[in-house]
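Below, each chain spelled out in residue letters.
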Amino acid sequence: MTVIVLVVATLAFRLLGALGVRRFGTWQASVAHGLAVMVVMTGSAHFVPVGVTFMPNHGDLVRMVPPFVPFPAAVVYLTGVLELAGAIGLVLPATRRAAGICLALLFVGLLPANVYAAVSDVPFAGGAATPLWERIPEQVLYLAAALFAAGRRAVPVREGARPVPAAR
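All values derive from a computational prediction rather than experimental measurement. (Residues numbered from 1 in each chain as written. Predicted model: local features only at pLDDT ≥ 70, side-chain atom pairs only at ≥ 80, totals over all residues. Heavy atoms only, no water.)

A.B. asks: Before we go on, may I ask you to explain the pattern of salt bridges in this structure?
C.D. replies: Opposite charge on two side chains allows them to pair when their charged atoms are near. Across all of its chains, the model carries 1 salt bridge by this definition. Between Asp60 and Arg63 there is a salt bridge whose closest N-O contact spans 2.4 Å. Here Asp60 and its partner Arg63 are both found in helix H3 (residues 58-64), 3 residues apart, which amounts to about one turn of the helix. A relative accessible area of 3% means that Asp60 is categorised as buried. (Salt bridge = Lys/Arg side-chain N within 4 Å of Asp/Glu carboxyl O. Helix = DSSP H or I, 4+ residues; strand = E, 2+ residues; numbered from the N terminus. Buried < 20%, exposed > 50% of the residue type's maximum accessible area, 1.4 Å probe, protein only.)

A.B. asks: Where do I start with a nonpolar patch on the surface in this structure?
C.D. replies: A surface patch of nonpolar side chains, about 390 Å² in accessible area, is lined by Val7, Leu11, Trp27 and Phe148. Turning to its location among the elements, Leu11 is positioned in helix H1 (residues 2-18). Under the relative-accessibility criterion, Leu11 is labelled partly exposed at 46%. (Patch = residues over 30% accessible without salt bridge, like charges linked within 9 Å, V, L, I, M, F, W, Y side chains within 5 Å. Areas by Shrake-Rupley, 256 points an atom, 1.4 Å probe, with all protein chains shown as cover.)

A.B. asks: I keep staring at the side chain of Thr2 and nothing clicks. Help me out?
C.D. replies: Counting through the fold element by element, Thr2 comes out in helix H1. For Thr2, a relative accessible area of 18% puts it in the buried group. Contacts of Thr2, omitting those with residues within four sequence positions, involve Met38, Met41, Thr42, Glu138 and Tyr142. (Contact = heavy atoms within 4.5 Å.)

Structure follows, in structure tokens:
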């Protein structure tokens, strides 16, 4: 479901860019905003009460935390806050690069929980556990989207330096 949210939101923002909304005029900006929508959805799940069954909730996410991680409930809240902060950072051009890099690091840090949940058959949102073959490519996609949204850092040109000719 989260992959669909990421793809649909990104395409919707890119369409707005094609229609003249300058904020979404590039794929990088559209991916950043699409990822922000997805991360708001996933990050908010960290705070959903256990009794809610139509979407992932705090209890589902606590069960995903590997046993070697101390204070799993607090870790789930913390990662939820980090995801929501990352979403805010992605939509602000001044903080987009830092937010993309931080979210990429967070996605790498969350990978052990996804592996643990898959190999331990931890049920998710009232359904069956998501298989590992699905979870790993999803995490790689989110990581790639975060790094793409972060973009490349412009290399400053020294004053008086000669430009390097382009390769033919």
